[in-house]
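Each chain, written out:
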Protein chains: 2
Amino acid sequence: MKLDPRHLEILFAIVESGGMGEAADMLGKSQPSLSRSVSLLEERVGLPLFEPGRRPLRPTELGLALAAEGRKVFQAMRDSGTVLEQFQRGKTGAVRVGGTPVFLDGVISPMIADFQANNPSVRIDQSYGYAAELLPRLEEGSLDLAVLPMRDASLPDGFAFQQILTGRNVIACRSGHPLMRRGAVKLPEVSKYPWIAPPANSPLYHDLRAVIEGIGTKDFKIGFSGGSLTAVVSILTGSDALTVLPFSVVFMMRHLKTVSALPIRIGDPDRHLGILHHIAQSPRPSVERFTGFLTQEFASLSTRITRVGQASVWLP
Amino acid sequence: MKLDPRHLEILFAIVESGGMGEAADMLGKSQPSLSRSVSLLEERVGLPLFEPGRRPLRPTELGLALAAEGRKVFQAMRDSGTVLEQFQRGKTGAVRVGGTPVFLDGVISPMIADFQANNPSVRIDQSYGYAAELLPRLEEGSLDLAVLPMRDASLPDGFAFQQILTGRNVIACRSGHPLMRRGAVKLPEVSKYPWIAPPANSPLYHDLRAVIEGIGTKDFKIGFSGGSLTAVVSILTGSDALTVLPFSVVFMMRHLKTVSALPIRIGDPDRHLGILHHIAQSPRPSVERFTGFLTQEFASLSTRITRVGQASVWLP
DNA sequence: CAGTTTCATAACTTGCCGTTATATAATGAG
DNA sequence: CTCATTATATAACGGCAAGTTATGAAACTG
């Protein structure tokens, strides 16, 4: 015979509260409802759960034993209520975020650290990739959002793109770089130094190409290529090499005082950093909370960047 | 919003078994039933519990979290099933047994020890008393059964009496008592020794009076009275005092080799030991199991007693 | 690409929950 | 002992959802 867990919950409430009236209040039901549930349960069990003819209802041994099980059910339901609330408020859950390595490592990861300080129960699954790989994953639902530099025009159908930062690249070098010592740097001078190239299929690589073409010189030494941001920074700080990086990335690293941006204006990319997601995937609360956090952080970052930008010279 | 614990159980079963079909078998329901329960739960929760468009159903984070709560519910229901079965089979519960001190201590308690060896989860609440006290308690339901010596004729309405042992009293003494050394003992001889008297309102006291009257001598020394069986036996073994005890009590103590029965035939009481209960109280399974055990034990005790009785001389 | 498996839908019956109104029974006070 | 009070049971009824079988659609498998 199968018992109804709701009956055990009711039994528990009655035993716990000491009477049907209080139990009814406790459960938000009417007293007759409980009364009938109890008789139904007793009928199924075949044994009395309360001693008959006792007005402050007193449970039998069996009644107590089953009420103990009812307590477990009750607690499980309470717990599931809080679990559910946590999920609904986005305080629990998973966020699967993809993006280009440089932005993810240089800008997003520190923000994730902040986010997790306030949302310790939200798990972040981060994965690297460029638009070509990330778009299908957004579409199939194995990714919740992607942080990508993107041209508005190149947005495929079914995706939503929310810009969070205007694209701006700089030529980066180590803080004590020879070119930093002089007041102004002329473009042709940079061609004397070796260059670090991002992976060939990355957006940054295209930007690098555009910069190099803008300078006009064909004579560039590529001393290193294909590394992650960490590798690039290591090479950068250990040599006089140059590279092209998003200004935001250099900005985020400013407190390290190891990497600087050359005071040269180069052509800005036609891409802007934004959050991409697929409209067919209704975002879970945790994802919404995370994207909300990201946009807020980027808004703050934007104002800080433009303030510094207006100050023109900001570097250590 | 309140969730239905049965839904969580279903969710757990699906997550656990890996599919709706198996879960349906596991729960003894049909697959469409589960399907609809899940959609109903998802609707209430407002968030997907399974990733959409996946054929071997894969739970979401929230689905897993709620399934974990469902497991608790499931286990509580399993447990309550076994608890219930235990009660129904009488393997768990309480038995409130009353009786006269001498029988309870001398005969019933050792049997309870045996019973509890096989039924460790049955709690026995033992209380002492005579018919005058025990009958009302049976009637009001604060006692399940009483083991009493009783006259059939004196059985009040509403009670059932099941005889388990024919009444037979003996004169008891310590094993090395002077009267035991001679072949036959004549009744007048016993008047030389001090007597131990049971409490004045006990059935045994009436029996003692009857024996004494049967002997004819008015000259009896009462050296001790009012004690429990333990006290009586202590006095008995430490002195040459005599007393009247039910044969069954002496019989149960035979392996102690400290108490014997004088080989004198005295008048048997007009009471017989039996189990008394009130017919309005439908017995719980544990009570039924216990009374069944008792009658069986007494049946066995009866045959052993009569076998020894036919051998006439049985004492150490 | 077809076959198979797995899940969702449809249509319908049944059971039980939840309600309000009211009866009945145990308890406690005088 | 009786009455007032409180606590539980019953009645009647609407409604939701669980349960069924039959069937359709979609995703995985080879």
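Heads up: the structure comes first, above all this text.
This is a predicted model, so every value here is computed, not measured.

Describing the protein's contact with DNA strand D
Here is step 1 of the chain: For DNA strand D, the set of nearby residues contains 22 residues, the closest of which are R55(A), H7(B), K29(B), S30(B) and R36(B).
Here is step 2 of the chain: A breakdown of the atoms of DNA strand D within 4 Å of the protein gives sugar and phosphate a share of 58%.
Here is step 3 of the chain: At 3.1 Å, a side-chain N or O of Q31(A) approaches a base nitrogen of DNA strand D.
Here is step 4 of the chain: The contact in question runs from a phosphate oxygen of DNA strand D to an N or O atom on the backbone of L57(A), over 3.1 Å.
Here is step 5 of the chain: Listing elements by their share of the surface near DNA strand D, those giving two or more residues are α2 (20-27) and α3 (31-45) of chain A together with α1 (5-17) and α3 (31-45) of chain B.

Focus on the sheet that holds strand β8 (residues 243-246) of chain A
Residues and elements named next belong to chain A.
Here is step 1 of the chain: Pairing is antiparallel across the open sheet formed by three strands, whose spatial order is β8-β5-β9. A strand with exactly one partner marks an edge of an open sheet, and here the two such strands are β8 and β9 (259-261). Between one strand axis and the next, the sheet turns through 50 degrees on average, direction left out of account.
Here is step 2 of the chain: Pairing of strand β5 (residues 169-174) with β9, which is carried by three bridges, proceeds in the antiparallel orientation. Note that in β9 the partner of C173 across the bridge is S260.

Focus on the protein's contact with DNA strand C
Here is step 1 of the chain: Neighbouring DNA strand C are 21 residues, the closest being H7(A), K29(A), S30(A), R36(A) and Q31(B).
Here is step 2 of the chain: Considering DNA strand C, the proportion of its atoms within 4 Å of the protein that are sugar or phosphate atoms stands at 59%.
Here is step 3 of the chain: A distance of 2.6 Å is found between a phosphate oxygen of DNA strand C and a side-chain nitrogen or oxygen belonging to H7(A).
Here is step 4 of the chain: In this structure, R36(A) approaches DNA strand C through a side-chain N or O atom, which is 2.4 Å from a base nitrogen.
Here is step 5 of the chain: Here the surface near DNA strand C gets five residues from one element, more than from any other, and that element is α3(A).

Here's the deal with the relation of the copies chain A and chain B
Here is step 1 of the chain: Aligned on chain B, chain A shows an RMSD of 0.3 Å; the corresponding rotation is 180 degrees and the shift along the axis is 0.1 Å. Here the copies are linked by what is in effect a two-fold axis. The position closest to the rotation axis in chain A is occupied by the C-alpha of V73(A), lying 2.6 Å away.
Here is step 2 of the chain: Of all interface residues in chain A, 100% are interface residues in chain B too; the two copies therefore contact each other through one and the same surface.

A few points about the side chain of T291(B)
All names here are of chain B.
Here is step 1 of the chain: The residue T291 is located in helix α11 (residues 285-310) in this model.
Here is step 2 of the chain: Residue T291 is classed as buried on the basis of its relative accessible area of 17%.
Here is step 3 of the chain: Ignoring anything within four residues of it in the chain, the contact list for T291 reads L145 and I275.

Conventions we followed
Residues numbered from 1 in each chain as written. Chains lettered and ligands numbered in written order. Predicted model: local features only at pLDDT ≥ 70, side-chain atom pairs only at ≥ 80, totals over all residues. Heavy atoms only, no water. Near = heavy atom within 4 Å. Polar contact = N/O pair within 3.5 Å; in protein donor to acceptor, adjacent residues only side chain to side chain. Helix = DSSP H or I, 4+ residues; strand = E, 2+ residues; numbered from the N terminus. Pairing = 2+ DSSP bridges. Axes fitted to C-alpha atoms, helices over the stretch in contact; angles between N-to-C directions. Least-squares fit on C-alpha atoms with pLDDT ≥ 70 in both. Contact = heavy atoms within 4.5 Å. Buried < 20%, exposed > 50% of the residue type's maximum accessible area, 1.4 Å probe, protein only.

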